[in-house]
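Chain and residue survey
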Amino acid sequence: MRVTYILDGTSTKLGDEQYNNITEILFPDINYPQNPHTVTITRMFNGYSQHRWIVKSVAHTNNDDVVITLEPRNNDKEEIYLSKTYKVKGSVISQLHKGTLVEIDYGYIPSVKKNTGVTKSNKRYPDSMQWGEMHKRRLAIVVKATGNRIQVVPISSKVPPIGDKTCFELDQDSTKKLINYNNRNTQSFAICSMIETVSLNRVLPPLAKPIKTNGRQEPQRSDGYPHKLCKVDLKALDQSLSSVIGVSDYFNLKQQNSELYLEKNRLEKKGDALSITLQTTSAKMEELEHKVGQLDALWHITEDLFLQFNPGRSEREIREMVLKEIDEYSTILNDA
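Residues numbered from 1 in each chain as written. Predicted model: local features only at pLDDT ≥ 70, side-chain atom pairs only at ≥ 80, totals over all residues. Heavy atoms only, no water.

**A short note on the pattern of salt bridges**
Applying the stated criterion across every chain yields a total of 18 salt bridges. A salt bridge links R52 to D105; the shortest N-O distance between them is 3.2 Å. Here R52, found in strand β5 (residues 52-62), pairs with D105, found in strand β7 (residues 101-105); they are 53 residues apart in sequence, far enough to count as distant. Both residues of the pair, R52 and D105, count as buried. Here E103 and R221 are joined by a salt bridge, their closest N and O atoms 2.8 Å apart. Highlighted residues: E103 in strand β7 and R221 in the loop between β15 (203-204) and α3 (231-244), separated in sequence by 118 residues. Taking relative accessible area as the criterion, E103 reaches 2% and is therefore assigned buried. Its relative accessible area of 26% is what places R221 among the partly exposed residues. One continuous salt-bridge network, built from bridges that share partners, spans R52, E79, E103, D105, R137 and R221. (Salt bridge = Lys/Arg side-chain N within 4 Å of Asp/Glu carboxyl O. Helix = DSSP H or I, 4+ residues; strand = E, 2+ residues; numbered from the N terminus. Buried < 20%, exposed > 50% of the residue type's maximum accessible area, 1.4 Å probe, protein only.)

Spelled out as structure tokens, the structure:
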């Protein structure tokens, strides 16, 4: 079997691959109905500096032959992957905070061609990318970056099932500067259920408008990875990730905990104020109790004096006489 590569728009043969005693091969099948996206492959051809190529067409000229036309992925600018940036500037990893937007080359899902001319899926090739796995180059969100690996959440334009809390739609504010992902007519959804750890060799900065408005204005891939989710989307990311691990009410509980903490502090402050009030009131009560004791003693002394001057009077009569005397003396004091 043989695969021949042709430079798109020309008859120039880039190279070919011969397979002897092989009854079926894998190939990049852009004609597969479930594969309606750009497929990029890596090939090193003699005389060409490019190694990343876009598959433009696939033709089966006979049972044993596949002819693939290619064009360079980038004719003018080299794409700098994170692995290369990391070698020069190791601190770049620390700039990949949660919510940083990156592009990921997940690779493509190949098809199988048999020497009978039949083409089919690659389900018997688990060593290659399979359907159901994330594939193609796409935007993604950094969740965590450490050492030589990064955890990312992929972004897809495919609308998720209604009620799927593990996904959320990105706000336009998050992607407005990104060249290939800012189409207002296309929705973008973060698929948190497909969070994955990827190699630095798959990561590159997205093509975007410059952050600074002065200076050059052509789109660029900034190796400082400056593009981030807006605050609304960053919160949605945390909520969707919590749903992935089965704690969808985490943020409600966290909010309730914060509210309870504030209420606890408020009550403690109120309790401290009440404690001070209680101490002040207790001191006043002790002072009043002391005065009442003195008045009780004075009352008994007065009753005894009135009884000495009015022998034969009953206790009730003595009490009335004392109260009358107090009222008259109070009147005199008030008049004065």
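Past the structure itself, the notes keep going.
**A few points about the sheet that holds strand β3 (residues 24-27)**
Read across the open sheet, the 3 strands follow the order β3-β8-β9; overall the sheet is antiparallel. The open sheet has two free edges, formed respectively by β3 and β9 (119-120), since each of these has just one partner strand. Relative to β9, strand β8 (residues 111-114) is paired through 2 bridges, and the arrangement is antiparallel. Bridging across to β9, K113 finds its partner in T119. (Pairing = 2+ DSSP bridges.)

None of this, on its own, says anything about what the molecule does.
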